[in-house]
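Coordinates in review
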Amino acid sequence: MSEKPRFVMCICTGECPGFQSLNLWQLINYVRNELDVEYAIVHPQLCVDDGDRFLTDYIKSNSKYIIGACDPKMQRKMFKDAFASVGGDFDKQVVSLDLRNMSTEEAMNKVAEAVKQLSEAAA
Ligand code: SF4
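Note that this is a predicted model, so its numbers are computed, not measured.

Cut-off values and rules
Residues numbered from 1 in each chain as written. Predicted model: local features only at pLDDT ≥ 70, side-chain atom pairs only at ≥ 80, totals over all residues. Heavy atoms only, no water. Helix = DSSP H or I, 4+ residues; strand = E, 2+ residues; numbered from the N terminus. Rg over C-alpha atoms; globule rule 2.2 N^0.38 Å. Buried < 20%, exposed > 50% of the residue type's maximum accessible area, 1.4 Å probe, protein only. Contact = heavy atoms within 4.5 Å. Areas by Shrake-Rupley, 256 points an atom, 1.4 Å probe, with all protein chains shown as cover. Lys, Arg positive; Asp, Glu negative; His and termini not counted. Charge placed at Lys NZ, Arg CZ, Asp CG, Glu CD. Axes fitted to C-alpha atoms, helices over the stretch in contact; angles between N-to-C directions. Left-handed = near helix turned anticlockwise from the far one by under 90°. Nonpolar A, V, L, I, M, F, W, Y, C, P; charged D, E, K, R; others polar. Near = heavy atom within 4 Å. Phe/Tyr/Trp six-rings, centres within 6.5 Å; stacked < 30°, edge-to-face > 60°.

Focus: the overall build of the protein chain
Check the secondary structure of the protein chain and you find 5 helices and 4 strands. Starting at the N terminus, the α and β elements of the protein chain follow one another as β-α-β-α-β-α-α-β-α. Radius of gyration (C-alpha) of the protein chain: 13 Å, near the 14 Å computed for a compact globule of 123 residues. Overall, the C-alpha framework of the protein chain stretches about 35 × 35 × 20 Å when taken along its three principal axes. Considering the protein chain as a whole, with its 123 residues, one finds that 41% of them fall into the buried category. Pairs at least 24 apart in sequence give 69% of the contacts found in the protein chain among residues at least 6 apart. Total accessible area on the protein chain is roughly 6800 Å²; 47% of this is exposed by carbon and sulfur atoms. In the protein chain, 14 positive and 18 negative side-chain charges are present, and the distance between their average locations comes to 4 Å.

In structure tokens, the structure reads:
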């Protein structure tokens, strides 16, 4: 595995009540500026057709991803085929975080912890 993880935030169209208490831009700027990641990006809705197309364009089979979104089990179900289609492995490459119903600070802490754990695992 190479490099630092990429952080991908799926914000459920921006309309989902589960993310109402999250300040997306504070979170994304914190992750990209303060944490040890390659970069941080936002996608509005990864689990629909254009999200699939984005993932298959975007995923590299040797990179690590932290995906902030909904239930990790649902993420696995929805994204594993996109990883497999480019020769990747969702289970090995992705740390899925459920960031619903969290304050911005809680979400920041959860992402920071995931980045730290990946960094320790790679050391
Ligand atoms: S992947 Fe999860 S967080 Fe993203 S749009 Fe779909 S249901 Fe919402």
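There's plenty left to go through after this.
Section: the packing of helix α2 (residues 49–58) against helix α3 (residues 72–85)
It is at 9 Å that the axes of α2 and α3 come closest, and there the two elements cross at 35°. As α2 runs across α3, the sense of the crossing is right-handed. Counting all contacts with α2, which are made through Asp-52, Leu-55 and Thr-56, the residues of α3 involved are Met-78, Phe-79, Ala-82 and Ser-85. Looking at side-chain class alone, the contact of α2 with α3 contains 4 nonpolar, 2 polar and 1 charged residues.

Digging into the site of the ligand
For the ligand, the full set of nearby residues is Cys-10, Cys-12, Gln-45, Cys-47, Ala-69, Cys-70, Met-78 and Phe-79. Class assignment for the residues of the shell around the ligand results in 7 nonpolar, 1 polar and no charged.

Examining the packing of aromatic side chains
Applying the stated criterion to the full structure yields 4 aromatic pairs. Between Tyr-65 and Phe-83, the aromatic rings sit 5.7 Å apart at their centres with planes inclined by 75°, giving edge-to-face as the arrangement. Here Tyr-65 is found in strand β3 (residues 65–69), whereas its partner Phe-83 is found in helix α3, with 18 residues between them in sequence. Residue classification places Tyr-65 among the buried positions, given a relative accessible area of 2%.

With respect to the environment of Cys-70
By the secondary structure assignment, Cys-70 is in the loop between β3 and α3. Taking relative accessible area as the criterion, Cys-70 reaches 22% and is therefore assigned partly exposed. For the pair formed by Cys-70 and Gln-45, sequence separation is 25 residues and the distance between their alpha carbons is 11 Å. Non-local contacts of Cys-70, meaning those with residues more than four positions away in its chain, are made with Gln-75, Met-78, Leu-97, Asp-98 and Arg-100.

What about unusual backbone geometry?
If a residue is not glycine, its phi is most likely negative; likewise, a peptide bond is most likely trans. If you check the backbone angles, Cys-12 has positive phi at about 55° while not being a glycine. Along the chain, the position of Cys-12 falls in the loop between β1 (6–10) and α1 (24–34). A relative accessible area of 31% means that Cys-12 is categorised as partly exposed. Positive phi values are uncommon outside glycine, yet Thr-13 reaches one of about 70°. Summarising the element assignment, Thr-13 is placed in the loop between β1 and α1.

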